[in-house]
Each structure stands twice: as structure tokens, then as C-alpha cells.
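Structural overview for review
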Amino acid sequence: MKTTKIAVLGTGGGGRAHAAKLAALGYEVHVGTRDPEATLARTEPDMMGNPPYKQFLAEHPGIHLHTFADAAAAADEIVINGIDGHNAVTALTAIAAQLAGKTLIDYAVPYLYGAEMEHPWPTPFGTMPKLDPCDTDSLAEQIQRALPNVKVVKSFVTQEQDTVVNPRAIGGDHTMFLAGNDTEAKKTVTDLLTSYGWTDILDLGPLVAARGMEMYAHMHGAIGMALGIGNHFGVKIVR
Ligand SMILES: NC(=O)c1ccc[n+]([C@@H]2O[C@H](COP(=O)([O-])OP(=O)(O)OC[C@H]3O[C@@H](n4cnc5c(N)ncnc54)[C@H](OP(=O)(O)O)[C@@H]3O)[C@@H](O)[C@H]2O)c1
């Protein structure tokens, strides 16, 4: 079956980047949000400074906004998870029926904001959030355990929103990772990554490798702060 309808769950900066890219590639894009009316009624930028979603939709005609459930139901094969990491398992479990049998590409980071920490990491943007789960589990594995009928593939997560959909913007030959337990689903995601322009795609194996990808978020943050705001970057596995 040829994929024509893709769902993007999430209206944040990452979700917008994927929705816009997929629409430009010719897919029918169905975006999920908690409450479409509430999302469309927002008039202020979100906490990351993204303009109101209504403005994004006006600039990207043809993208459809629904509830998370209706967006997932509209996808023929691929659903992208861009729901805030701390809330993703609960939100996705609630739409298990609509996700059943589909490939879920998860790029969320299990950041826990405002957690008490013995040794906080101060940054120019406030205390670095804690990763939870971390080390002995991952968000992607939690999602997979909660949704055994869904083919979870972790990917995109090591790259920021501006470059994940346009790797050539920073040279092009850096490395994108993926991990998952279903070989066919990983092939589907590899094809999508190729259509985004990725040429160096490294399959890290089973979904347990998502632990490494999620923990890289702290390294990504450290590199980003060292280079300064607005300096995009990627990693290259030299071998
Ligand atoms: N942006 C990036 O460059 C990037 C890169 C790598 C990884 N990530 C990670 O990917 C995830 C998504 O990032 P993002 O920047 O695209 O968006 P985000 O701003 O982190 O998350 C936005 C989405 O989370 C949903 N959400 C928030 N609280 C919720 C709750 N209590 N229940 C259900 N849904 C809730 C929002 O729903 P509504 O639509 O209803 O508001 C919205 O759709 C995050 O974990 C982030 O750390 C982001």
C-alpha cells in the first residue's frame, strides 16, 4: 500500500516542521491536538515562541487539524509523535484503537520540567530539565509496552526542527538514527527519511537503543549552548 495520508500528533515547533515538509512532499497531512477549537482560538505565541497555530495553518493551506484520535485515525500507515514527552504515554494510550497496526515514529524527549534535582544544571534558559525515564528505560519503550499493536520507531530525535526536515541546510551528509523492533516499519521510516533528504541513516537495532538517542538530548543541549543560539548542527558518525 502506498502511503498518502500521514498524521502528525503535536502542534509544537517540531510538529509544524514535519507537517509543512510532508505537505510540501505531497502527502495529505492530518495534525492532532488536544482540542482543535482551543488550539485555533490561541492568539499568543506558545512557550517556545512559535506563532499561534491558526497563523501556521493559514500559511500552510491543506493541513487538516483534528483531535489526536481523529488525526491518528486518518493516517493510512504513518503517525508521527510530537506530543510533549512527559505526557505522551497517557495521550497515546487514550488513542490506542486509532493507532493499532500503524507505524509510530516517536521523536519526543522525556523531559521533566521543574523537577527537584540534587545537582541542577543551570542554563541561559533555566534549569536543564531532567530526563525521566533515563538509562534503564526510554519513552519509546514505554510507548511500545503501552501499545503492543503499534510499530514504534524512534527517530528524528537527535536533530532539531529546522534541520530534521532539511538536512542539506547544514551540509547534508550528517547522520540520522533510527531504532525499532519491526523491520518493515524501519524500512518505511528509512524511506521517509530519504525523502526528507537524509543520506546517512544508521539503524541502531532494536527499540532499546532509543535510550541512547533520548539521552543524547543532554549532549545536544550542551553543544547547542556552546555554539550559541541559531547555530544549527548535526552529528556525523565517521567510520
Ligand atoms: N522541536 C524540536 O526541535 C525537537 C527536537 C527533538 C525532540 N523534540 C521533542 O519532541 C517533543 C515535541 O516537541 P515539539 O517542539 O514538537 O512540541 P512541544 O511544544 O514540546 O509539544 C507540543 C505538543 O504537546 C502537546 N501536549 C502538551 N501537554 C500535553 C498534555 N498534558 N496532554 C497531551 N498533550 C500535551 C500539545 O498539545 P496541544 O496541541 O493541545 O497544545 C502539543 O501538541 C518534545 O518532547 C521535545 O522535547 C523536539
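**A few points about the site of the ligand**
The immediate surroundings of the ligand are formed by 23 residues, with Thr11, Thr33, Arg34, Tyr107 and Gln161 found nearest. In the environment of the ligand, an oxygen atom lies 2.8 Å from a nitrogen or oxygen atom belonging to the backbone of Gln161. Contact with the protein chains hides 80% of the accessible area of the ligand, taken as 890 Å² for the molecule alone. A per-element tally of the shell around the ligand places helix H1 (residues 13–24) first, with three residues. Grouping the constituent residues of the shell around the ligand by class yields seven nonpolar, 12 polar and four charged.

**Some details on the packing of aromatic side chains**
Under the definition given, this model contains four aromatic pairs. Ring centres of Tyr53 and Phe56 lie 5.1 Å apart, and the angle between their planes is 40 degrees; this geometry places the pair in the tilted category. One end of the pair is Tyr53 and the other is Phe56, both in helix H3 (residues 53–59) and three residues apart, which spans about a single turn. We classify Phe56 as buried; its relative accessible area is 6%. Ring geometry for Phe156 and Tyr196: centres 5.8 Å apart, planes at 10 degrees, overall stacked. With a gap of 40 residues between them, Phe156 in the loop between strand S10 (151–155) and helix H8 (161–164) and Tyr196 in helix H9 (residues 183–196) connect regions that are remote in the sequence. A relative accessible area of 1% means that Phe156 is categorised as buried. A relative accessible area of 3% places Tyr196 in the buried class.

**A word on the nonpolar core**
Counting 37 residues, the largest nonpolar core has Leu22, Val31, Ile80, Phe156 and Tyr196 as the members making the most contacts within it. Contributing elements (two or more residues each) for this core: strand S1 (5–9), H1, strand S2 (28–33), H3, strand S4 (78–81), strand S11 (175–180), H9 and helix H10 (210–227). Looking at which element gives the most residues to this core, the answer is H9, with five residues. Sequence-distant contacts of Val31, defined by excluding residues within four places in its chain, comprise Val8, Gly10, Thr11, Ala19, Tyr53, Ile63, His64, Leu65, His66 and Ala71.

Conventions and cut-offs
Residues numbered from 1 in each chain as written. Predicted model: local features only at pLDDT ≥ 70, side-chain atom pairs only at ≥ 80, totals over all residues. Heavy atoms only, no water. Near = heavy atom within 4 Å. Polar contact = N/O pair within 3.5 Å; in protein donor to acceptor, adjacent residues only side chain to side chain. Areas by Shrake-Rupley, 256 points an atom, 1.4 Å probe, with all protein chains shown as cover. Helix = DSSP H or I, 4+ residues; strand = E, 2+ residues; numbered from the N terminus. Nonpolar A, V, L, I, M, F, W, Y, C, P; charged D, E, K, R; others polar. Phe/Tyr/Trp six-rings, centres within 6.5 Å; stacked < 30°, edge-to-face > 60°. Buried < 20%, exposed > 50% of the residue type's maximum accessible area, 1.4 Å probe, protein only. Core = buried A, V, L, I, M, F, W, Y, C linked by side-chain atoms within 4.5 Å. Contact = heavy atoms within 4.5 Å.

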